[in-house]
Amino acid sequence: MTQRLTTTAGAPVANNQNSETAGPRGPVLMQDYHLMEKLAHQNRERIPERVVHAKGWGAFGTFTVTHDITRFTRAAIFGAVGKQTDMLARFSTVAGEAGAADHERDVRGFALKFYTEEGNWDLVGNNTPVFFIRDPLKFPDFIHTQKRHPRSNLRSNTAAWDFWSLVPESLHQVSILMSDRGLPISPMHMNGYGSHTYSFWNRDGERFWVKFHFKTQQGVKTVTNDEAATIVGQTREGYQEALFGGIEAGNFPRWTLFVQVMPEADADSTPYDPFDLTKVWPHSDYPLIEVGVMELNRNADNYFTQIEQAAFSPSNKVPGIGYSPDKMLQARVFSYADAHRYRLGTHYEALPVNQPKCPVHHYHAAGNMNFIGLRSGAGDAYYEPNSMGGVGEDPTVAEPPLALSGMAARQPHQQQIDDYTQPRALHDEVLSEAERGRLYGNIAASMDGVPAGIIDRALMHFERISPAYAAGIRAALLARSGLVAAAE
Ligand code: NDP
Ligand code: HEM
């Protein structure tokens, strides 16, 4: 015997094999609290899964600065070349539940938490530089189209294409999702993008708009739908096996961080709205600036406490990094911490994986399962302001003020929004012929069972992106219906 098994109250347990019964055949006595406690705890093992991005894979690592960007930001993490900061990454699919197969075509989450000395900075991005919608009011509806139909409890191609064809701003992201990049071979073989426009501010109080790009050093590698079907037939956990197994074996994946930086005033003159999440900033306008390297080199000791209970939130910003007017980002600043309070509880930030690695002082009091007491720095200082020696504010970390103007109204980003130019660049200029062919095939496959009227409406938009794009999808649909007919 190493150490004694105990109840949660610490009392030693004499017998963990047999319930306490009246006679060898039972029944079980109600006083067998050890049994009651075991069953009661088991009933509480599951917590609500994330409402989106439920299936995930994560690991710890380090971020190292390789290039100086202190002219743009005073953020401590970028303070000096060579500086290292501990971090946590969690990758995920969006739509599948916690038990979903890993190799499904879907956008991948790319969530990062950097434990900086001025607080946790979370960058909660995806493996795509854009998103399906540009207004947060559409987010719950969009997600409903990706989740299960309320009656059939099945995923619905019809719902997805009905929504996408009614919301053509989605087709840039849909094009990336249906391209090769929509099905990475592993989390190590995909890029990560902050996607939104964020802001940097430096020690002189200058603000810049910024986009974050993490480029995989393993190379972008993807699988086709057919290859994925074979993989899923063999294992539903291919990403966990690859990431966890790779790190256990000492193969540490790395990504290079680049930023695109836009001077604050440029935002008034770009032909696209730089705060519209369905748009990229063309590299030719805002070239990538190298910053550093992220390496994942340590697996979690316990998946539940360190990956499932990890709480990433765009609201976690640090001095030198700020939000932008992006409407989607503004909504996310609310939504994540709200989700964490529901999913994990009031004191989720005090869980070891979320706990900052710097002093934490605030006046939040009491609350469910509070084990941190008061963090105000002095016992009698349980309110603020006080003259009891409690912690106080620091005006030196104030963000430079941002000029805003306009009428308060429910209004679109711009009067004339161009949803077609950027997906056209992707289709006509970035993708090779072979990649385009697979894109058409993947779109056609995702339209299985979708009513003709919805497909026609989608094709009308693809036509506006590029006649060749629409023609390619039409041909793939025909070939697919031919295949189906031949098989029948
Ligand atoms: P560039 O030619 O400078 O950039 C094109 C970028 O497309 C590449 O750098 C690469 O991004 C990305 N890319 C390459 N292959 C694929 C693929 N199969 N699926 C998705 N993306 C791919 O042109 P622009 O900057 O003017 O962008 C043109 C179009 O490229 C955009 O409209 C957008 O659709 C797409 N794109 C642009 C990005 C940007 O931030 N400017 C980022 C990603 C895509 P990476 O280097 O990040 O791998
Ligand atoms: C997870 C909301 C858009 C990336 C989540 C969660 C919520 C949410 C509630 C679950 C959080 C949790 O329980 O821990 C929203 C809303 C959005 C939005 C309201 C738009 C208005 C986006 C966008 C991106 C993104 C644009 C990427 C650029 C992620 C990622 C996760 C996530 C990566 C998983 C984080 C993790 O690994 O724990 N989202 N989301 N989301 N979201 Fe969003």
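Conventions adopted
Residues numbered from 1 in each chain as written. Chains lettered and ligands numbered in written order. Predicted model: local features only at pLDDT ≥ 70, side-chain atom pairs only at ≥ 80, totals over all residues. Near = placed C-beta within 6 Å. Helix = DSSP H or I, 4+ residues; strand = E, 2+ residues; numbered from the N terminus. Nonpolar A, V, L, I, M, F, W, Y, C, P; charged D, E, K, R; others polar. UniProt positions renumbered as here; feature names shortened; annotations may be inferred. Buried ≥ 20, exposed ≤ 12 C-beta atoms within 10 Å, placed from the backbone. Pairing = 2+ DSSP bridges. Domains from an automatic or database assignment. Contact = placed C-beta atoms within 7 Å. Core = buried A, V, L, I, M, F, W, Y, C linked by C-beta atoms within 7 Å. pLDDT = per-residue confidence, 0-100.

Further remarks concern the site of ligand 2. The immediate surroundings of ligand 2 are formed by 27 residues, with His-53, Arg-90, Gly-109, Pro-136 and Ser-195 found nearest. Put simply, the parts of the chain that give the shell around ligand 2 at least two residues each are strand S2 (84–93), strand S3 (108–116), strand S4 (119–126) and helix H8 (327–343). The element best represented in the shell around ligand 2 is H8, accounting for eight residues. Within the shell around ligand 2, the residues separate by chemical class into 14 nonpolar, nine polar and four charged.

Another aspect to go through is the UniProt feature "binding site: heme" (unreviewed entry) in the chain. Cross-referencing UniProt, the feature "binding site: heme" (unreviewed entry) maps to Tyr-336 in the present numbering. Along the chain, the position of Tyr-336 falls in helix H8.

It is a general feature of regular strands that their side chains alternate between the two faces of the sheet. Extensive coverage of S4 is indicated by the burial of seven of its eight residues. Of the pairings in the sheet, the one linking S3 to S4 comprises eight bridges and is antiparallel in character. Within S4, the position partnered with Leu-112 by the bridge is Leu-123. Hairpin remark: S3 followed by S4, antiparallel, with two residues in the connecting loop.

The next subject is the site of ligand 1. The immediate surroundings of ligand 1 are formed by 18 residues, with Val-280, Pro-282, His-283, Gln-422 and Leu-426 found nearest. It is helix H9 (residues 421–430) that contributes the most residues to the shell around ligand 1, four residues altogether. When the residues that make up the shell around ligand 1 are grouped by side-chain class, the tally is nine nonpolar, six polar and three charged. Counting the residues that make up the shell around ligand 1, at least three belong to each of domain 1 (56–352) and domain 2 (421–487).

Moving on to the pairing of S2. Within S2, eight of the ten residues are buried, leaving the element largely enclosed by the surrounding structure. Pairing geometry for strand S1 (residues 56–65) and S2, over nine bridges, is antiparallel. Bridge pairing links Thr-64 to Gln-84 in S2. Direction of pairing for S2 relative to S3: antiparallel, over a ladder of seven bridges. Bridge pairing links Leu-88 to Lys-113 in S3.

With that out of the way, let us pick up helix H3 (residues 157–166). For H3, the complete set of buried residues consists of Ala-160, Trp-161, Phe-163, Trp-164 and Ser-165. Lining the buried residues of H3 we find helix H2 (139–146), helix H4 (171–178) and helix H11 (452–465).

Cis geometry marks the peptide bond from Gly-26 to Pro-27, where omega comes out at 5°. Among the secondary structure elements, Pro-27 is positioned in the segment before helix H1 (33–43). That bond from Glu-384 to Pro-385 is cis: its omega, 5°, falls within 30 degrees of zero. With respect to the helices and strands, the residue Pro-385 is situated in the loop between H8 and H9. Here Ala-366, not a glycine, exhibits a phi torsion of approximately 55°, which is positive. Phi at Met-369 is positive, roughly 55°, even though this residue is not glycine. Along the chain, the position of Met-369 falls in the loop between H8 and H9.

To continue, consider the environment of Asn-15. As for its position among the elements, Asn-15 is in the segment before H1. In this structure, the C-alpha to C-alpha distance between Asn-15 and His-34, residues 19 residues apart in sequence, is 9.4 Å.

The next point concerns the nonpolar core. Counting 60 residues, the largest nonpolar core has Ile-77, Met-87, Ala-89, Phe-114, Val-210, Phe-212 and Leu-243 as its most contacted members. Formed by 26 residues, the second largest nonpolar core is a distinct cluster that contains Trp-161, Val-167, Val-174 and Ile-454.

The next point concerns the UniProt feature "domain: Catalase core" (unreviewed entry) in the chain. With numbering aligned to this structure, UniProt lists the feature "domain: Catalase core" (unreviewed entry) at residues 6–392. Across residues 6–392, helical content stands at 21% and strand content at 19%; the span's end C-alpha atoms are separated by 44 Å.

Glancing now at the confidence of the model for the chain. Put simply, the chain has an average pLDDT of 96, and 99% of its residues get 70 or more. Mean pLDDT in the chain bottoms out at helix H12 (residues 467–487), which sits at 84, and peaks at S3, which reaches 99.

So, on to the domain arrangement of the chain. Often, the extent of an interface is quoted as the loss of accessible area upon association of its parts. With domains assigned, the chain is organised as domain 1 (56–352) and domain 2 (421–487). Placing the centre of domain 1 and that of domain 2 at their C-alpha centroids yields a distance of 27 Å. With 17 residues of domain 1 at the interface, the matching set in domain 2 holds 23 residues. Contributions of two or more residues to the side of domain 1 that touches domain 2 are made by H3 and H4. Broken down by element, the side of domain 1 that touches domain 2 gets its largest block of residues, six residues, from H3. Of the residues contributing to the side of domain 1 that touches domain 2, the split by class is six nonpolar, eight polar and three charged.

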